[in-house]
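# Descriptive structure summary
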Amino acid sequence: MSVLVDAGSRVVVQGITGREGTFHARQCREYGTKVVAGVTPGRGGTDHDGVPVFDTVREAVERQGSDVSLIFVPPAAAADAILEAAAAGILLAICITEGIPTADMVKVKAAIGRGTTRLVGPNCPGVISPGKCKVGIMPGSIHKPGPVGVVSRSGTLTYEAVAQLTRRGLGQSTCIGIGGDPIIGTSFVDALRLFRDDPETRAVVMIGEIGGDAEEAAAQVARQELKVPVVAFVAGQTAPPGRRMGHAGAIIAGGHGTAAEKMAALQAAGVQVLRSPAEIGEAVQRVLG
Amino acid sequence: MLYKSASTGDRVKIHEYQAKQILRRFGVDVPRGDVAFSPKEAATIASHLGGRSVVKAQVHAGGRGKAGGVKVAADADQAEGLARQMIGMTLVTPQTGPQGKKVRRLLIEETLAIARETYLGITLDRGRALPVVMACAQGGVEIEEVARRDPAAIRIEPVDPLPGFLPFQARGLAYHLGLKGEEVARAVRLMLALVQAYEATDASLVEINPLVVTAEGGLVALDAKMTFDDNALFRHPESRDLRDPDEEDPLEVEASAHALNYIKLSGNVGCMVNGAGLAMATMDIIKLQGGEPANFLDVGGGATSERVAQALRILLADPNVKAVLINIFGGILRLDVLARGLVEAASRVKLRVPMVARLDGTNVEEGRRILREAGLDVTLADGMLDAARKVVALAARR
C-alpha cells in the first residue's frame with residue numbers, strides 16, 4: 001500500500017503552462033501519474049501537451065474529477081493558489097513553490113486548518129508512491145516499490161537516501177517531502193501517523209534538519225505510536241548558530257534547534273539515529289533484518 | 001517554546017536607528033535623535049538635543065553596551081570626542097564573533113529619566129504557525145537567558161490572522177509588565193502599533209529591549225531591533241534599501257547577487273552542492289572524516305553552466321580553501337549539463353586547488369565521461385563517504 005497518493009489519484013497541475021509546470025507535468029505523466037487537468041487563469045479551454053487547461057481549479061474538479069493538486073505558481077501568488085485548491089474541494093494540495101512570504105503562509109495555515117484539504121509543502125519536492133504515482137519534482141527512476149516510508153524536510157538529500165535504499169533492493173511505500181520552510185502544511189508528526197496506519201510500511205526513514213522543534217515532536221510520536229522501526233538523520237550537525245542554511249526553516253536560533261538536541265530526542269525515543277548521511281541504506285537493511 | 005525564535009538570525013537585518021525610524025512612523029515613542037556618520041555630525045545632533053546625549057555604535061549585533069559601544073556625553077564637545085573614538089573602532093561583542101565589527105555609523109540620542117525597563121517583542125512561533133507578542137517585566141537583559149532561567153517571566157499572546165491582535169490581549173500583557181493606570185492604555189496603543197509595524201513591513205522580528213517606563217510615566221523604545229522576511233522583499237523595495245553591505249561578508253553579498261546560497265565558514269574544504277539539505281549533510285560528513293568545511297554553498301536545482309562557474313569562482317576566492325568537493329545528486333539537473341558547466345567554468349576560473357567530484361543521478365555516465373575527457377584535475381568519487389575521505393585527504397596534504 002501507500003499513503004497520500006496512489007494509482008487512482010487524479011492530478012490537476014496549477015501553473016501548468018509555466019516552464020516548471022510544463023516540464024514536471026510531463027515527467028509525472030511519463031511516470032504514469034494521471035494528470036487530468038491543468039489550471040492557468042486566462043488559458044481555459046485550451047490544451048497543453050494534451051492536458052485540458054481550465055481557468056479555475058473548481059472547473060478542473062467538476063469536469064475532470066481532480067482530487068490532488070500540484071502547485072507551481074510563483075511565490076507572490078502561491079498562497080492564493082493553495083487556498084483556491086482548498087476552496088474547490090481538492091483533498092491534497094502539494095505546493096512545490098519556494099520563497100512564499102511567511103505572513104502569507106500564516107494565513108494559509110489558519111484557513112486550511114478550518115477545512116478538509118491537506119497541504120504538503122511548500123518548498124518541497126512533492127510526494128511519490130513508487131510504481132503508482134508521482135506528484136512532484138523528484139527523479140522517478142531512483143525509486144522502487146517496497147516497504148520503506150520516507151519523510152524529509154529536504155529535496156536532494158531525500159534523493160540521496162532513496163538511492164541508497166534502492167541500491168540495496170529496499171523499495172519505498174511512499175516518499176513525502178514535507179518542505180524546508182518554517183510553516184508547512186504536513187509535519188513530521190502527520191507523516192509518521194500516515195505511515196503508522198499503512199500496513200505495508202515496515203520501516204520509516206526520517207530526514208530532519210536544524211531549526212524548529214518538529215523532530216522533537218516527531219520523536220514523541222515515534223516512541224508512543226509507531227510499531228515499525230524508525231531510522232533518522234538530521235542534517236546540519238556542523239552548522240553554526242544564527243546562520244540560515246539555505247532553507248528558510250534551517251536556522252539555529254537562540255541556541256535552540258541544533259542537530260544535537262534533535263538527535264538526542266530521537267535517540268531517547270528509540271529511533272536509530274545516524275551520524276553519517278552515507279549510512280541510511282545500510283541502517284534500514286539492518287532494522288528490517 | 002516560542003522564545004526559541006526570539007533571535008531569528010540571518011534575515012534582512014537593519015540598524016537600530018532605522019528600526020526606530022520605522023517604529024516612530026507607526027506611532028511608537030522613541031528617543032529624539034539622529035544618525036551620524038562623522039564626529040562633526042555627532043556634535044551638531046547633540047547640540048540640537050541640548051548637549052547631553054547618548055552616543056550609540058550602530059552595528060548589526062547586540063551586546064554593544066558592555067563592549068563599549070554605548071556612552072553618555074555631557075555636551076556636544078564630548079559627543080564629538082566620543083564619536084571620534086568610536087567611528088572606525090572594532091566592536092567585539094558576544095554576537096559579533098572574535099573578529100568584531102567595524103563601527104561606521106552612530107546614533108546620537110537624548111537621555112531619558114528611566115523609572116523601569118521592560119521587554120516587548122514579536123516574532124513567529126513555528127509551533128503555533130502564528131506570530132506571537134512576548135512581554136517580560138525584566139528588560140534590558142538577554143531575553144533567551146530569562147527564558148532559560150524563568151520561562152514563566154515571559155508572557156505570550158498569539159496574533160491570529162482572523163480576529164487580529166486584540167486589545168484584551170494587549171491589556172493582559174500590559175498588566176504582566178506591571179503597568180498601572182494611564183500606562184496601561186499607552187501600552188495597549190503601543191502594542192497594537194507594534195503588531196501593525198510587524199505586519200505592514202513583513203518583519204520576522206521586532207524587539208524592543210528595553211521598553212522603558214520614564215519618570216513621567218511615558219513608554220519609550222530605548223533600543224529597537226527589526227529583521228525582515230527576505231521571501232517578502234519583492235513587495236518591500238524600501239526594506240532592501242535599508243541593507244548595509246558593510247555589515248555583510250563581501251563573498252556572501254556577491255553570491256546572493258548571483259542567486260547562490262553561500263555562507264562562509266572557517267575550514268579549508270570548499271563545498272559545492274545542489275540542495276540545502278544535501279549541502280548541510282555534505283558538511284557533516286566532511287567533519288566526520290576529520291575535515292573542516294570552508295563554506296555552505298547550494299547551487300540550486302536549476303544550475304546553469306554560468307551559475308556553476310560563478311559558484312566555483314566565489315568558492316576559490318576564499319584563500320583558506322585547499323581542496324574542493326563537488327557533490328551533486330542530479331534529479332532534474334542532468335549531470336551531462338553540470339559536467340559541461342564545470343568544464344566551461346574551469347576554462348574561465350583558475351583552479352588553484354584539487355577537486356573531488358561525486359556525481360549521481362540522471363545521465364551520470366555521460367557526465368563522468370565529459371569530466372574525464374576534459375583532463376581537469378578532478379578525482380571522481382563513488383558515493384558521499386568516498387568523496388569526503390578523498391577531499392579531506394587532499395586538503396590535509398597541502
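This text gives an overview of the structure that appears in the document. (Residues numbered from 1 in each chain as written. Chains lettered and ligands numbered in written order. Predicted model: local features only at pLDDT ≥ 70, side-chain atom pairs only at ≥ 80, totals over all residues.)

### Some details on the overall build of chain A
- Of regular secondary structure, chain A possesses nine helices and 14 strands.
- On C-alpha atoms alone, chain A measures out to a radius of gyration of 18 Å, which is about the 19 Å that the 2.2 N^0.38 rule sets for 289 residues.
- Across its three principal axes, chain A shows a C-alpha extent of roughly 55 × 40 × 30 Å.
- The proportion of buried residues among the 289 residues of chain A is 62%.
- Counted over contacts in chain A with a minimum sequence separation of 6, partners at least 24 positions apart contribute 72%. (Helix = DSSP H or I, 4+ residues; strand = E, 2+ residues; numbered from the N terminus. Rg over C-alpha atoms; globule rule 2.2 N^0.38 Å. Buried ≥ 20, exposed ≤ 12 C-beta atoms within 10 Å, placed from the backbone. Contact = placed C-beta atoms within 7 Å.)

### Things to note about the packing of helix H11 (residues 335–348) of chain B against helix H12 (residues 364–374) of chain B
Residues and elements named next belong to chain B.
- The N-to-C vectors of H11 and H12 enclose an angle of 20 degrees; their axes lie 7 Å apart at closest approach. Between H11 and H12, the crossing angle belongs to the class labelled roughly parallel. As for how H11 packs across H12, the hand of that crossing is right-handed. Here H11 contributes Leu335, Asp336, Leu338, Ala339, Arg340, Leu342 and Val343 to the contact with H12, which in turn contributes Val364, Glu366, Gly367, Ile370, Leu371 and Ala374.
- Of the residues assigned to the contact of H11 with H12, the class counts are nine nonpolar, one polar and three charged. (Axes fitted to C-alpha atoms, helices over the stretch in contact; angles between N-to-C directions. Parallel < 35°, antiparallel > 145°, perpendicular 65-115°, else oblique. Left-handed = near helix turned anticlockwise from the far one by under 90°. Nonpolar A, V, L, I, M, F, W, Y, C, P; charged D, E, K, R; others polar.)

### Digging into unusual backbone geometry
- Across the junction of A:Gly121 and A:Pro122, the peptide omega takes the value 10 degrees, indicating a cis bond.
- Position of A:Pro122 relative to the elements: it lies in the loop between strand S7 (118–120) and strand S8 (126–129).
- Cis geometry marks the peptide bond from B:Asn209 to B:Pro210, where omega comes out at 10 degrees.
- The phi torsion at A:Asp49 lies on the positive side, around 60 degrees, for a residue other than glycine.
- Residue placement: A:Asp49 occurs in the loop between strand S3 (47–48) and strand S4 (51–54).
- A positive phi is found at A:Asn123, a non-glycine position, where the angle reads about 55 degrees.
- You can see A:Asn123 is positioned in the loop between S7 and S8.
- Overall, A:Asn123 belongs to the buried group, with 27 C-beta atoms counted inside 10 Å.

### Some words on the packing of helix H7 (residues 214–225) of chain A against helix H8 (residues 259–268) of chain A
Residue and element names in this part refer to chain A.
- One can describe the packing of H7 onto H8 by two numbers: an axis separation of 8 Å at closest approach and a directional angle of 5 degrees. Comparing the axis directions of H7 and H8 gives the class roughly parallel. Note on element contacts: H8 touches H7 through Lys262, Ala265, Leu266 and Ala268, opposite Glu215, Glu216 and Ala219.
- Among the residues making up the contact of H7 with H8, the classes are represented as four nonpolar, no polar and three charged.

### Topic: the interface of chain A and chain B
- In this assembly, 53 residues from chain A lie in contact with 54 residues from chain B.
- Of all the secondary-structure elements, those providing two or more residues to the side of chain A that touches chain B are helix H3 (75–87), helix H4 (102–112), helix H5 (156–167) and strand S12 (203–209) of chain A.
- Of all the elements, H4(A) adds the most residues to the side of chain A that touches chain B, at six residues.

### So, the sheet that holds strand S4 (residues 70–73) of chain B
Residues and elements named next belong to chain B.
- Spatially, S2-S7-S3-S4 is the arrangement adopted by the four strands of the open sheet, whose pairing is antiparallel. At either margin of the open sheet sits one strand with a lone partner, and together these are strand S2 (33–36) and S4. The average undirected angle you get between the axes of adjacent strands in this sheet is 20 degrees. (Pairing = 2+ DSSP bridges.)

### So, the environment of B:Leu179
All names here are of chain B.
- Structurally, the position occupied by Leu179 is in the loop between helix H5 (167–176) and helix H6 (182–200).
- Under the C-beta neighbour-count criterion, Leu179 is labelled buried, with 23 such atoms within 10 Å.
- C-alpha separation for the pair Leu179 and Ala137, spaced 42 residues apart in sequence, amounts to 9.2 Å.
- Setting aside residues up to four positions removed in sequence, Leu179 forms contacts with Ala174, Val184 and Ala187.

### As for the nonpolar core
- A:Ile71, A:Ile82, B:Leu297 and B:Val391 are the most contacted members of the largest nonpolar core, which has 204 residues in total.
- With eight residues, the single largest contributor to this core is helix H9 (residues 276–288) of chain B.
- Ignoring sequence-local partners within four residues, the contact set of B:Leu297 consists of B:Leu260, B:Asn261, B:Tyr262, B:Cys271, B:Met272, B:Val273, B:Ala279, B:Ala311 and B:Leu315.
- The next biggest cluster of nonpolar side chains, apart from the first, holds 22 residues, and it includes B:Leu49, B:Val55, B:Leu82 and B:Ile108. (Core = buried A, V, L, I, M, F, W, Y, C linked by C-beta atoms within 7 Å.)

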